[in-house]
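Given next are the chains, with one letter for each unit.
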Amino acid sequence: MKILITGGTGLIGKALVCELALANNDITVLSRSPQKVYSHFCNEITCWTQLNDKQDLNEFDAVINLAGEPIADNRWTPSQKQKLVNSRCHLTQKLVDLINASDSPPAVFISGSAVGFYGDQGDTRVTEETPANPEFTHELCAKWERIALEAQTPLTRVCLLRTGIVLSTLGGALPKMSKPFKLGLGGKLGSGKQYMPWIHIDDMVSAIVFLLKTQDAKGAFNLTAPNPVQNKEFTRLLGKAFNRPALMTVPESVLRLVMGESATLVLGGQQAIPEKLLSAGFEFRYPHLEEALKDIITTGK
């Protein structure tokens, strides 16, 4: 397949590009930094630095859109919130416009989203049909998804990736979470009862490839392992993986003081279940957290 990928130098993107390139697909990565792209992938792929209105996407079989400003790196000031929206929606709109302007458009458009779409759900078992709570993360993801769905036609199917916490030692949340545990200072956040929907990086990549190849797959999919855990269990197992205690507690008041509104990312959660992926026949290599953490930390994935 000939595939255009945005966000190809991010955590998920790098692993996905490598997987797809190994399978002899023809990969083009959209990036403002060709040097960064080639430092990761040498000259095995093509790099575009921009999209323009005169382009079309007739030559591509698929477009995978993973670009977006990291949501947890900064406090959610009004300007940061707008930056989070713009980094996702503007590029997605450009891709949708180019797909719709193509005479022979890509057969599939896979576009990012997050389990934050649902807002904080407490103990509710969350499937793709669960009604969302009207919080900022929902508003952000819902707008992002609405734009992506504009590409859906009889010629192009759209898959939305409602992604949980992607576990890898090479980026994302896990390296930041691991630092206090390595020092024996790890522990739960707030009450520890909030659910943490997670997924091993290998399963994340495999699930995207599965959706790429499954011709009747469309709509939103929870890209999370089938066994989400509460924060107190996550921290216990993370401490066990490092052979360190996990006895500390970071009070909710401290998290809200440090993080502001974005503290909802760690104090709230979703017991998200990948119901549609499982129904479609996808099989997880790492359905349970303990074995996932052991593999990631042992191998350095």
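Structure shown above.
All values reported here derive from a predicted model rather than from experimental measurement.

(A) Quick peek at a nonpolar patch on the surface. Taken together, V250, V254, L257 and V258 make up a surface patch of nonpolar side chains, about 350 Å² in accessible area. It is helix 8 (residues 252-259) that contributes the most residues to the nonpolar patch, three residues altogether. By secondary structure assignment, the location of V258 is in helix 8.

(B) Broad picture of the sheet that holds strand 2 (residues 26-30). Taken in spatial order, the seven strands line up as 3-2-1-4-5-7-12 in an open sheet, and their pairing is parallel. Each edge of the sheet is formed by a strand with only one pairing partner; in this case those strands are strand 3 (46-48) and strand 12 (219-223). The sheet shows a mean angle of 20° between the axes of neighbouring strands, taken without regard to direction. Pairing analysis gives three bridges linking strand 2 to strand 3, with the strands arranged parallel. The partner of V29 across the bridge, within strand 3, is C47. Contacting strand 4 (62-65), strand 5 (108-114) and strand 7 (157-163), helix 4 (residues 136-149) runs over the sheet at an angle of about 175° to strand 5.

(C) Structural context of the layout of surface pockets. Considering only enclosed or pocket space, the second largest pocket measures out at about 340 Å³ in volume. Lining the second largest pocket are 19 residues, and of these A15, C18, E19, D202 and V205 lie nearest its centre. The element contributing the most residues to the lining of the second largest pocket is helix 6 (residues 201-213), with seven residues. Taken together, the residues of the lining of the second largest pocket break down into eleven nonpolar, three polar and five charged.

(D) Molecular detail of the pairing of strand 4. With burial as the criterion, each face of strand 4 is covered, one bearing A62 and I64 and the other bearing V63 and N65. Of the strand pairs in this sheet, strand 1 (residues 2-6) and strand 4 are connected by four bridges, and their pairing is parallel. Paired with I5 across the two strands is I64, which belongs to strand 4. The pairing of strand 4 with strand 5 spans four bridges and is parallel.

(E) Inspection of the pairing of strand 7 at higher detail. Most of strand 7 sits inside the fold, with seven of its seven residues counted as buried. Where burial is concerned, the two faces of strand 7 agree: the one with R157, C159, L161 and T163 and the one with V158, L160 and R162 are both buried. Summarising the sheet, strand 5 and strand 7 pair through seven bridges and their orientation is parallel. When the bridges of strand 7 are listed, V108 appears paired with R157.

(F) Focus on the packing of helix 3 (residues 78-100) against helix 4. For the pair helix 3 and helix 4, the least separation of the axes is 8 Å and the interaxial angle reads 10°. Judged by the inter-axis angle, helix 3 sits roughly parallel to helix 4. Contact with helix 3, carried on its side by K81, L84, V85, R88, C89, T92, Q93 and V96, involves F136, L140, K143, W144, I147 and A148 of helix 4 and no other residues of that element. Looking at the contact of helix 3 with helix 4, its residues break down into nine nonpolar, two polar and three charged.

Cut-offs and rules
Residues numbered from 1 in each chain as written. Predicted model: local features only at pLDDT ≥ 70, side-chain atom pairs only at ≥ 80, totals over all residues. Heavy atoms only, no water. Patch = residues over 30% accessible without salt bridge, like charges linked within 9 Å, V, L, I, M, F, W, Y side chains within 5 Å. Areas by Shrake-Rupley, 256 points an atom, 1.4 Å probe, with all protein chains shown as cover. Salt bridge = Lys/Arg side-chain N within 4 Å of Asp/Glu carboxyl O. Helix = DSSP H or I, 4+ residues; strand = E, 2+ residues; numbered from the N terminus. Pairing = 2+ DSSP bridges. Axes fitted to C-alpha atoms, helices over the stretch in contact; angles between N-to-C directions. Contact = heavy atoms within 4.5 Å. 1 Å grid on protein atoms, 1.4 Å probe; cavity = no way out; pocket = protein on both sides within 12 Å on 5 of 7 lines; lining within 4 Å. Points joined across faces, edges and corners; volume = space filled by probe spheres on them. Nonpolar A, V, L, I, M, F, W, Y, C, P; charged D, E, K, R; others polar. Buried < 20%, exposed > 50% of the residue type's maximum accessible area, 1.4 Å probe, protein only. Parallel < 35°, antiparallel > 145°, perpendicular 65-115°, else oblique.

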